[in-house]
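The residues making up each chain are set out below.
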Amino acid sequence: MLGRKHVMEAMPVSVKFGGQVEQVDLNTFTRVLLDYGIVLRAACAEEDRGLRITTNIRQVRPGCLVVDLGVVADEIGGLFKDPSTALQTVEAAVTIATSFYAFKKYLGKHGRVAAANATEDGTTTVETEDGTRTSVATQVVNIYVNAPEAGAAVNASFASLDEDGRIESLTIGAGDGCEEDQGSFVATRDEFHEIASSPSYEGPDVRHEVDAGKLVVVKPYLGASTTRKWEFLYRGMKITANITDAEFMDGIERQSFRVGMVMDVEMDITKQYDRDLRAFVNKSYTVTKVTSISSPPEEVALF
């Protein structure tokens, strides 16, 4: 019958917050689930740009704190697509989304993509800046390049997870259970900060500059976080930057900071080409190494 609507079968997906937790910060909980929805929509677009999906929370189970999601294609006219085909598309999208999380985890460990070569079997060989190579589904690389919101979503999720010390792991996979199988994405607490800082795609309008210089502390973040921003003065300008130096972070609780302290650092400066100015402009800063810290000079009374 023309125009008849079909009730689509839902694809079950589980999101497990691991550790000795039976509760999670509300902001972290919603952040992770909303961001997964963003990645899933980008993955679905790779399979069928005309298919729209809805992600519903079916239940939240305590103990291992598992969120059961139901991913379903929106109702469509039976003239163009049958329910079984739509479900297959959703299943494929869930697999692609899981692979995208794994790819961001890989980039967090190995750095930016230096080269990518598509092959005839539907995969792409990716080489990172440290010389490591891996093979990933071409749809995953397409999301990385064409859907920057998906990469930003993954980074935001793990920045939030990194701040919640109760969560020891995150598992995302198809099915109702909370068991980790080969098809699931798993990240442990020691990997959260790497994924949160994993590089996003950068086209020819973006370049990086490494600089060794001095930063004056304006507002520190007094916690062992590689994603939270500090405020500094840099060459007379106020900037914000995160610090990824693991050795510095290990000893941060033993160091006291106050306004005016000077840090000798190595920085990665991201520059983006401004077509109006016809020049590369500084967009963001990351402190990769802290070499020394000194107290601000004492004020000397003149009278």
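Here the structure is shown first, and the text comes after it.
Conventions and cut-offs
- Here the residue index of a chain counts from 1 through its sequence in written order.
- Local features in a predicted model are, by the rule used here, given only for residues with pLDDT of at least 70; side-chain atom pairs are given and counted only at 80 or more, and totals for whole chains, interfaces and linings are based on all residues.
- To get the side-chain values, all heavy atoms of the structure are used, and hydrogens and water are removed first.
- Secondary structure elements are taken from DSSP: a helix is a run of H or I of four residues or more, a strand is a run of E of two residues or more, and numbering for both begins at the N terminus.
- Relative accessibility thresholds used throughout: buried, under 20% of the residue-type maximum; exposed, over 50%; partly exposed, between the two (1.4 Å probe, protein chains only).
- Residue contacts are counted whenever heavy atoms from the two residues lie within 4.5 Å of one another.
- Every accessible area reported is derived by Shrake-Rupley at a probe size of 1.4 Å, with residue values counting cover from the shown protein chains alone.
- Grouping buried Ala, Val, Leu, Ile, Met, Phe, Trp, Tyr and Cys residues that are joined through side-chain atoms within 4.5 Å yields what is termed a nonpolar core.
- Only the contacting stretch of a helix is used when fitting its axis, a line to C-alpha atoms as for every element, and angles between N-to-C directions run 0 to 180 degrees.
- Throughout this description, any angle smaller than 35 degrees is read as roughly parallel, any larger than 145 degrees as roughly antiparallel, any in the 65 to 115 degree range as roughly perpendicular, and the remainder as oblique.
- We call a crossing left-handed when the near helix sits turned anticlockwise from the far one by less than a right angle, and right-handed when that turn is clockwise.
- Charged means Asp, Glu, Lys or Arg here, nonpolar means Ala, Val, Leu, Ile, Met, Phe, Trp, Tyr, Cys or Pro, and polar covers whatever is left, Gly included.
- Pairs were defined over the aromatic rings of Phe, Tyr and Trp, the Trp ring being its six-membered one, requiring ring centres within 6.5 Å. Orientation was assigned from the angle between planes: stacked under 30 degrees, edge-to-face over 60, tilted for the rest.
- A ring is considered to have a charge above it if a Lys NZ or an Arg CZ atom is located within 6 Å of its centre and within 35 degrees of its normal.
- Here, strands pair whenever DSSP counts at least two bridges between them.
- Cavities and pockets were defined on a 1 Å grid built over protein atoms only: a cavity is a set of grid points that admits a 1.4 Å probe from which the probe cannot escape, a pocket is an open set flanked by protein on both sides within 12 Å along at least five of seven lines, and lining residues are those with an atom within 4 Å of any such point.
- Grid points are joined across faces, edges and corners, and a volume is the space filled by probe spheres set on the points.

Draft legend 1. Highlighting the overall build of the protein chain. Assigned secondary structure in the protein chain consists of six helices and 13 strands. The burial tally for the protein chain puts 41% of its 303 residues in the buried class. A fraction of 64% describes how many contacts in the protein chain between residues 6 or more apart in sequence connect residues 24 or more apart. If you sum the accessible surface of the protein chain, you get close to 16,500 Å²; carbon and sulfur atoms cover 49% of it.

Draft legend 2. Expanded view of the nonpolar core. By size, the foremost hydrophobic cluster in this structure holds 49 residues, and its most contacted members are Phe17 and Phe158. It is helix α2 (residues 83-110) that contributes the most residues to this core, 12 residues altogether. Counting residues in each nonpolar core, the second largest holds 20 residues, with Ile239, Phe248, Val265 and Met267 among its members.

Draft legend 3. The packing of helix α1 (residues 26-47) against helix α4 (residues 148-163), seen in detail. As a packed pair, α1 and α4 sit with axes 9 Å apart at the nearest point and diverge in direction by 160°. Comparing the axis directions of α1 and α4 gives the class roughly antiparallel. Between α1 and α4 the crossing geometry is left-handed. On α4, the residues that touch Asn27, Thr28, Arg31, Val32, Asp35, Ile38, Val39 and Ala42 of α1 are Glu149, Ala150, Ala153, Val154, Ala156, Ser157, Ser160 and Leu161. Residues belonging to the contact of α1 with α4 are distributed by class as follows: nine nonpolar, four polar and three charged.

Draft legend 4. Structural context of the packing of aromatic side chains. The final tally for this structure, using the stated rule, is 13 aromatic pairs. For the ring pair phenylalanine 248 and phenylalanine 257, a centre distance of 5.9 Å and an interplane angle of 70° mean the geometry is edge-to-face. Through a chain of ring-to-ring contacts, three or more aromatic side chains come together here, namely Tyr36, Tyr101, Phe158, Phe185 and Phe192. The ring centre of phenylalanine 280 lies 3.7 Å from the NZ or CZ of arginine 207, which sits over that ring.

Draft legend 5. Up close: the sheet that holds strand β10 (residues 230-234). In spatial order, the strands read β9-β10-β11-β13-β12; together these five strands close into a barrel with mixed pairing. Taking the axes of each pair of neighbouring strands and ignoring which way they run, one obtains an average angle of 50° across the sheet. Two elements, strand β11 (residues 237-243) and strand β13 (residues 279-294), share three bridges in a ladder whose sense is parallel. Bridging from a neighbouring strand, alanine 241 pairs with tyrosine 285 of β13.

Draft legend 6. Layout of the pairing of strand β6 (residues 133-137). Taken together, the five bridges between strand β5 (residues 123-128) and β6 define a ladder with antiparallel strand orientation. For threonine 125, the partnering residue across the bridge sits in β6 and is serine 135. Between β5 and β6, which pair antiparallel and follow one another directly, the connecting turn spans four residues, one of which, glycine 131, has a positive phi of 90°.

Draft legend 7. Summary view of the layout of surface pockets. One number sums up the size of the largest pocket: a volume of about 1,200 Å³. Every residue lining the largest pocket is counted, 39 residues in all, and those nearest its centre are Ser197, Ser198, Asn242, Thr244 and Thr286. Counting only elements with at least two residues in the lining of the largest pocket, the list comes to α2, α4, α5 (189-196), β9 (206-219), α6 (246-250), β12 (262-274) and β13. The leading source of residues in the lining of the largest pocket is β13, at five residues. Its residues placed into classes, the lining of the largest pocket shows 10 nonpolar, 18 polar and 11 charged. Taken as a whole, the second largest pocket encloses approximately 230 Å³ of empty space. Taken together, 14 residues make up the lining of the second largest pocket; nearest its centre are Leu33, Leu34, Gly37, Arg41 and Thr55. For the lining of the second largest pocket, the secondary structure elements donating two or more residues are α1 and β2 (53-61). In terms of residue count, α1 provides more of the lining of the second largest pocket than any other element does, eight residues in total.

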